[in-house]
Amino acid sequence: MLARNTMCNLYRMTKSTAEVVGWFDAAQAAGGANFGTEVYPGYPGLVVADGAVTQMSWGFPLVLKGKNGQPLKPKPVNNCRTDKLDSFFWRNSFEQRRCLIPITGWAEAQGPKGSMTRTWMSLPATDGSDAPLFACAGVWRDSDEFGACYSMVMTDSAGSAAADIHSRMPVLLRAQDYDSWLSGSPDDAKDLCVPWAGDLNIDHTDEAWVKGAASQRTLL
């Protein structure tokens, strides 16, 4: 059964900051990092940006107004569709501030409403590890509401192993494509926004989907 919720709203990052620094051959930004092994919209996660591993908040702020015209609490827009990269909300960040999002797996919700469970997807291990580290494509910016923040770029999953789980999936990047995503032209970066052609591990669990923070989700 295809997931009914909108795209990726939960991922895992089970490696330490030091492991991420080594994997991506990046510097570590000053100030340290504090993030959970499960990352939800509006919560801190690690990104690789401007040559350094740093902590940012997952989701661009979307400020809405209530019936009285007063601004409401901003919502984190944590997913960016590839067909929207040229829109006003995303264009400047996509053209000037692309980043890598280190993850060890992402989850989608499956099952009937009210009793959805988590299906986890990850890359197969090649070195005997249980959860290999890999990177999703992301964009980032500074904001008044959340400070430095990032969003995950999503693409159509057709033709990939994830297609049976959800119609969209994160843009997964091969190590040889990191530089093209980070510093290539916008056209070069768009060429990377395709479904993952390699194998995926898919783990259907009985974990409840909604566990407090997991219910927070917004996309554009």
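Residues numbered from 1 in each chain as written. Predicted model: local features only at pLDDT ≥ 70, side-chain atom pairs only at ≥ 80, totals over all residues. Heavy atoms only, no water.

**So, the sheet that holds strand 10 (residues 105-110)**
One open sheet holds the five strands; their spatial order is 3-1-10-11-16, and the pairing between them is antiparallel. What marks the edges here is a single partner per strand, and that holds for strand 3 (38-39) and strand 16 (201-208). Of the strand pairs in this sheet, strand 1 (residues 11-12) and strand 3 are connected by two bridges, and their pairing is antiparallel. What sits directly across from Y11, in strand 3, is V39. (Pairing = 2+ DSSP bridges. Helix = DSSP H or I, 4+ residues; strand = E, 2+ residues; numbered from the N terminus.)

**Details of the nonpolar core**
Among the nonpolar cores identified, the biggest contains 53 residues, and Y11, F24, I101, W106, Y150, L172 and W181 are the most heavily contacted of them. Secondary-structure elements contributing two or more residues to this core are helix 1 (17-23), strand 4 (44-49), strand 5 (52-58), strand 9 (98-103), strand 12 (134-143), strand 13 (147-156), strand 15 (172-173) and helix 3 (178-183). A per-element tally of this core places strand 12 first, with six residues. Ignoring anything within four residues of it in the chain, the contact list for W181 reads F94, R98, C99, L100, A137, G138, V153, L173, A189, L192 and C193. Judged by nonpolar contacts, the second largest core, of seven residues, contains Y40, A107, M116 and W209. (Core = buried A, V, L, I, M, F, W, Y, C linked by side-chain atoms within 4.5 Å. Buried < 20%, exposed > 50% of the residue type's maximum accessible area, 1.4 Å probe, protein only. Contact = heavy atoms within 4.5 Å.)

**Quick notes on the environment of M154**
By the element assignment, M154 lies in strand 13. Sequence separation between M154 and C80 is 74 residues, and the spatial gap between their C-alpha atoms is 5.9 Å.

**Looking at the layout of surface pockets**
Size it by volume and the second largest pocket reaches roughly 230 Å³. Taken together, 15 residues line the second largest pocket, and the ones lying closest to its centre are V48, A49, D50, G51 and L182. In terms of residue count, helix 3 provides more of the lining of the second largest pocket than any other element does, three residues in total. The class makeup of the residues in the lining of the second largest pocket is eight nonpolar, two polar and five charged. (1 Å grid on protein atoms, 1.4 Å probe; cavity = no way out; pocket = protein on both sides within 12 Å on 5 of 7 lines; lining within 4 Å. Points joined across faces, edges and corners; volume = space filled by probe spheres on them. Nonpolar A, V, L, I, M, F, W, Y, C, P; charged D, E, K, R; others polar.)

**What about the pairing of strand 11 (residues 117-122)?**
Here strand 11 lies mainly inside the structure; five of its six residues are buried. By the bridge criterion, five bridges tie strand 10 to strand 11 in an arrangement that is antiparallel. Considered in strand 11, the bridge of W106 is made with M121. From the end of strand 10 to the start of strand 11, which pair antiparallel, there are six residues, and G111 there has a positive phi angle of about 110°. The pairing of strand 11 with strand 16 spans five bridges and is classified as antiparallel. Residue pairing for strand 16: T117 is matched across the bridge by A208.

**Observations regarding the confidence of the model for the chain**
For the chain, per-residue confidence averages 88 on the pLDDT scale, and residues scoring 70 or more make up 90% of the total. Contacts from residues 1-6, a stretch scored under 50 in pLDDT, to residues over four places away or in other chains number 29 contacts. (pLDDT = per-residue confidence, 0-100.)

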